[in-house]
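# Structure assessment
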Amino acid sequence: MTFDDIANPGKQMPNPAGNGSTMLRTVNLKKIYTTEEVETTALDGVNIDINEKEFVAIMGPSGCGKSTLLNIFGLLDNPSGGEYHFLNEEVSKYTERQRAKMRKANIGFVFQSFNLIDELTVFENVELPLLYLGVPASERKKMAEEGLERMPKMHRKDHFPQQLSGGQQQRVAVSRAVVAKPALILADEPTGNLDSANGEEVMNILTQLNEAGTTIVMVTHSPHDSEFAHRTIHLFDGHVVTENYKEKFHV
């Protein structure tokens, strides 16, 4: 974003992601955490538009509001003020039941710590979102197998998470995130617990998913990982301070 963009707020920003319509929009979004002793403002007047089929990285120092924003995007929490539009619905005041219904049908999550269930096999972990959605058993099996073949980890489908390396666990976590074919994937430091080779592989998988049409929003501290995105939004003290669009993406 240049000075000219700030001086002319009505100017249309270039969007190298393509012609997708708006998937996420926040208007003057605020999030305040209050205890008996202190009030903390995590987000303060955040205005963001993210289009369908975009790959967006969100960066900033610890405590700047990145994870809070991702939680609101993922319908895990409501804002304290402002608006949040998701898939053309204003969802900022949805109840937990309403949020859960929309979240299960439309959003996949990839976490830094993988968040696989130790007591379930690889196959059962990937199948789990489909179980929550009430997908019939025969269809669940087919969809889970397709998700694992994409990574591919089918030969380890009967293993448990503790029997896998960190890179293998994260690939399983990505399989789980995409098995229900969500419109949006939210990735929170997806390479944070991986070495560089496994991290590169996970970023390439996310890029392939994006190229196939999935919208991806990723929180990261890694300048290298942010190069895979179409643009990078920088937060500081709960505010958007810059947005950088990329003419060329990581190859």
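One can find the structure itself at the top, above this paragraph.
Scope of this entry: the structure provided in the associated data block. (Residues numbered from 1 in each chain as written. Predicted model: local features only at pLDDT ≥ 70, side-chain atom pairs only at ≥ 80, totals over all residues. Heavy atoms only, no water.)

## Structural notes on the overall build of the protein chain
Rules: Elements are defined by DSSP. Helices are runs of H or I of four residues or more, strands are runs of E of two residues or more, and each kind is numbered from the N terminus. Think of it in three bands: residues with accessible area under 20% of the maximum for their type are buried, residues over 50% are exposed, and the middle band is partly exposed, with areas taken using a 1.4 Å probe on protein chains only. Here, Shrake-Rupley sampling with a 1.4 Å probe gives the accessible areas, and only protein chains in the shown set may cover a residue.
Check the secondary structure of the protein chain and you find eight helices and ten strands. Out of the 251 residues belonging to the protein chain, those deemed buried represent 47%. Accessible surface, the protein chain as shown: approximately 12500 Å² in total, 50% of it carbon and sulfur.

## Focus: the side chain of D225
Test applied: By definition in these notes, contact holds between two residues if any of their heavy atoms fall within 4.5 Å.
Tracing the sequence through the fold places D225 in helix α8 (residues 223-226). When neighbours within four sequence positions are excluded, D225 is seen to be in contact with T191, M203, M218 and T220.

## Here's the deal with the pattern of salt bridges
Quick note on the threshold: A side-chain nitrogen of Lys or Arg and a carboxyl oxygen of Asp or Glu constitute a salt bridge if their distance falls within 4 Å.
Per the counting criterion, the structure on display carries ten salt bridges. With its nearest N and O atoms 2.7 Å apart, the salt bridge here joins R25 to D49. One end of the pair, R25, is in strand β1 (residues 22-34); the other, D49, is in strand β2 (residues 39-51), with 24 residues separating them in the sequence. A salt bridge links R171 to E201; its shortest N-O distance comes to 3.1 Å. A residue pair is termed long-range when its members are at least 10 positions apart, and R171 in helix α6 (residues 166-178) and E201 in helix α7 (residues 196-211) qualify at 30 residues.

## Topic: the environment of I205
Here I205 is to be found in helix α7. On a C-alpha basis, the gap between I205 and R171 in space is 8.5 Å, while along the polypeptide they are 34 residues apart. Excluding its chain neighbours within four sequence positions, the residues that come into contact with I205 are M151, R171 and V174.

## A look at the sheet that holds strand β4 (residues 81-86)
Using the following cut-off: Being paired, for any two strands, means DSSP has found at least two bridges between them.
A sheet is described by the order of its strands in space; here four strands give the open sequence β2-β1-β4-β5, paired in antiparallel fashion. Each end of this open sheet is capped by a strand with a single partner; those strands are β2 and β5 (89-90). Two elements, β1 and β2, share ten bridges in a ladder whose sense is antiparallel. Following the sheet pairing, R25 is matched in β2 by D49.

## Quick look at the sheet that holds strand β6 (residues 107-111)
For the record, the criterion: Here an angle of 0 to 180 degrees is reported between the N-to-C directions of two axes, which are lines fitted to C-alpha atoms, with helices fitted over the stretch in contact.
Across the sheet, which stays open at both edges, the six strands sit in the order β6-β7-β8-β3-β9-β10 with mixed pairing between neighbours. Lying at the two open borders of the sheet, with one neighbouring strand each, are β6 and β10 (239-245). Each adjacent strand pair in this sheet contributes to an overall mean axis angle of 20°, direction not counted. The pairing of strand β3 (residues 55-59) with strand β9 (residues 231-236) spans four bridges and is parallel. For I58, the partnering residue across the bridge sits in β9 and is I233. This element, helix α2 (residues 66-73), spans β3, β6, β7 (184-188), β8 (215-219) and β9 of the sheet and lies at about 155° to β7.

## Thoughts on the side chain of N78
As a reminder of what qualifies: In protein, a polar contact requires one atom able to donate a hydrogen and another able to accept it; more generally it is a pair of N or O atoms within 3.5 Å, and residues adjacent in sequence count only if both atoms are side-chain atoms.
In this fold, N78 is placed in the loop between α2 and β4. Since its relative accessible area comes to 18%, N78 is described here as buried. A polar side-chain atom of N78 sits 2.9 Å from the main-chain carbonyl oxygen of Y94. A distance of 3.3 Å separates the side chain of N78 from the side chain of R99, its partner in a polar contact. Residues in contact with N78, not counting those within four places in the same chain, are K31, I72, V91, S92, K93, Y94 and R99.

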